[in-house]
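Structure at a glance
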Amino acid sequence: MTSSEIRRKFLDFFQKKGHVVVESDLLVPAGDPTVLFTGAGMNQFKEKFMGRNVTYTRAATCQKCLRTGDLDNVGKTPRHHTFFEMLGNFSFGDYFKEEAIRWAWEFLTGEMRISPEKLWASVHVSDDEAHTIWKDRIGISPEKIVKLGDHDNFWPADAPLKGPNGPCGPCSEVFYDKGPAKGCGKADCGPSCDCGRFVEIWNLVFTQFERMPDGRLDELPSKNIDTGMGLERITSVVNDTESNFDTDLFIPITGRVQEITGKSDALTLNLVADHARAAVFAINDGVSPSNEKRGYVVRKLIRRAWLRGNTGKGPFLYSLVPDIANIFRDVYPGIAENAEHIAAVVESEERRFDETLSEAVPVLEEMVSRSGGVLSGEDVFKLADTYGMPVEVIEQMCRDRDARACIEDFEVFMSRRKEESRRGSDISC
Ligand code: SER
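Each chain has its residues counted from 1, following the order in which its sequence is written. Given that the model is predicted, a residue must reach a pLDDT of at least 70 before its local features are reported, and side-chain atom pairs must reach 80 or more before they are shown or counted; all residues, however, enter totals for whole chains, interfaces and linings. Only hydrogens and water are set aside when side-chain values are computed; all heavy atoms of the structure are taken into account.

**Topic: the nonpolar core**
Of all hydrophobic cores here, the largest spans 105 residues; its most connected members are Leu108, Trp134, Trp202, Ile234 and Met389. Under the DSSP-based scheme used, a helix requires at least four consecutive residues in state H or I and a strand at least two consecutive residues in state E, with every element numbered from the N terminus. The element best represented in this core is helix H13 (residues 339–371), accounting for 13 residues. What we call a nonpolar core is a set of buried Ala, Val, Leu, Ile, Met, Phe, Trp, Tyr and Cys residues that are connected through their side-chain atoms within 4.5 Å. Categorising residues by exposure relies on relative accessible area from a 1.4 Å probe, with only protein chains included: less than 20% of the type maximum marks a residue as buried, more than 50% marks it as exposed, and the intermediate range marks it as partly exposed. One finds Val22, Met42, Phe45 and Phe90 within the second-largest nonpolar core, a separate group that totals eleven residues.

Okay, here's the thing in structure tokens:
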């Protein structure tokens, strides 16, 4: 089943259940300064969860999301991404746990034709109601329903203790069991084991609280539902592929990366494809590479992809833009319309970085040999400040040369420099 079919089937399914199909919000959420990028389907509905501006009570979306919290895992594991699409259905004071669970089950076993035997569920340790629904109304055997705490079964994770403030609640997750042959074989292997056998496919959040600044959980005016299912994961599960990267959402991009760079290791193909998608979508939604907050994230993604895929023949990432536009032609036609502009922004960032590195790398190499393999804080500062080399790139290049950059020293050096220039400016005033 193609990813486009899955996206369409999801939205149609929930439309038939009375949901308004709402367009994906931009990656930069309007009027929400609390987040850099849209990281979940619920972002655009925060107000409605609080009982404000509820013009409809059921919605379904396929939301463009960008998360960079797990950057180091991207490309290394079958399931981590920066940019991804999240399928979600939402209730604002309308239906609650029973329908959310029943419809998730109906969609997975009916529309997606997943065998019921393959599905497991988790519930919050305090949530007997959700446990009973899974056991008695859905009929999952009790040993396939696990009870977990605030870290796994509360959204946002650990919110009662750590925040953030705002709408939150216990959740119930649905897992797909890839079978014992894909697992660690331990007797207690289950949905909370990270060996890869169990894939979390859908998070059903029972959004009934607002976390207050003092950590109190107040009841919201109404009980709500916020669900999220990653399109990349469900496409992989439904098509029984080893990894999300082996689906139609990535294959045309990874294939092109291989063709252009001549590299064929999975890390390069997956990381470059992931970061290219993220950069393309972010630029299309109005974020250009820069040294400021959001722009810096895009800059960092392009630079990471460039370092991984670069073959010394100049910019290459920009040439993936038409392939990405093509994959999303039906659902996000704006990318194809804007493709020339996006490609120009990416290419110019690649050129800039290439120039920076061609000046800085010989300096770094000289520092490595002079210092016996340990760059001082002052060396790192010089590379970062004079040559504009990102610190994470300096660290990586040192590692590649069996050397080390003293980042703690660098931070001390930086704060001393800042203090000196502050005192300097006091004097001149
Ligand atoms: N907000 C929840 C999540 O991001 C469900 O959509 O997992």
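Now, onward.
**A look at the packing of aromatic side chains**
The pairing test for Phe, Tyr and Trp rings, Trp by its six-membered ring, is centres within 6.5 Å, and the orientation test on the planes gives stacked under 30 degrees, edge-to-face over 60, and tilted for anything in between. The tally for this structure, following the rule as stated, stands at 23 aromatic pairs. Summarising the aromatic geometry, the rings of Phe14 and Trp202 are spaced 6.4 Å apart at their centres and angled 85 degrees between planes, so their arrangement reads as edge-to-face. Residue Phe14 is located in helix H1 (residues 3–16), and its partner Trp202 is located in strand E8 (residues 198–211); the two are separated by 188 residues in the primary sequence. Comparing Phe14 with Trp202 shows no difference in burial state: the two are buried.

**Section: the pairing of strand E4 (residues 119–124)**
Regular strands place side chains that alternate from one sheet face to the opposite one. For E4, a buried count of six out of six residues is recorded, marking the element as mostly surrounded by other parts of the structure. Neither face of E4 is left uncovered, since the one carrying Leu119, Ala121 and Val123 and the one carrying Trp120, Ser122 and His124 both have all their residues buried. When E4 meets strand E5 (residues 145–148), the two strands line up parallel, connected through four bridges. Bridged to His124 within E5 is Leu148. Every crossover in which the path from the first strand over the helix to the second runs clockwise, viewed with the strands pointing away from the viewer, is termed right-handed. Regarding topology, helix H4 (residues 128–138) serves as the crossover connection from E4 to the parallel E5, and that connection is right-handed. Any two strands with at least two DSSP-identified bridges between them are counted as paired.

**Remarks on the pattern of salt bridges**
Side-chain pairs of opposite charge can arise where the charged atoms are in close proximity. In the sections that follow, a salt bridge refers to a side-chain nitrogen of Lys or Arg positioned within 4 Å of a carboxyl oxygen of Asp or Glu. Taken as a whole, this structure holds 29 salt bridges when the rule is applied. One salt bridge connects Arg197 with Asp177, and the closest N-O pair in it is separated by 2.8 Å. Linking Arg197 in the loop between strand E7 (166–177) and E8 with Asp177 in strand E7, this pair joins segments that are 20 residues apart in sequence. For the salt bridge of Arg370 with Asp379, the shortest nitrogen-to-oxygen distance reads 3.3 Å.

**Some thoughts on the site of the ligand**
Whether a residue is near a molecule or strand is decided by its heavy atoms; if any one of them lies within 4 Å of it, the residue is near. Surrounding the ligand, one finds Ala40, Met42, Arg67, Met86, Trp155, Asn203, Val205, Asp226, Thr227 and Gly228. Asp226 is positioned with one of its side-chain polar atoms (N or O) 2.7 Å from an oxygen atom of the ligand. Any N or O atom pair separated by 3.5 Å or less is treated as a polar contact, with the protein-specific requirement of one donor-capable and one acceptor-capable atom, and with residues adjacent in sequence counted only for side-chain atom pairs. Contact distances for the ligand include 3.3 Å between an oxygen atom and a backbone N or O atom of Thr227. Per-residue accessibility takes into account occlusion by the displayed protein chains alone, with areas from the Shrake-Rupley method and a 1.4 Å probe. Within the complex, 95% of the 230 Å² of free accessible area of the ligand lies under protein. Elements supplying a minimum of two residues to the shell around the ligand: E8 and strand E9 (217–230). Partitioned by chemical class, the residues of the shell around the ligand number five nonpolar, three polar and two charged. Throughout this entry, Asp, Glu, Lys and Arg are counted as charged residues, while Ala, Val, Leu, Ile, Met, Phe, Trp, Tyr, Cys and Pro are counted as nonpolar. The remaining residues, Gly among them, count as polar.

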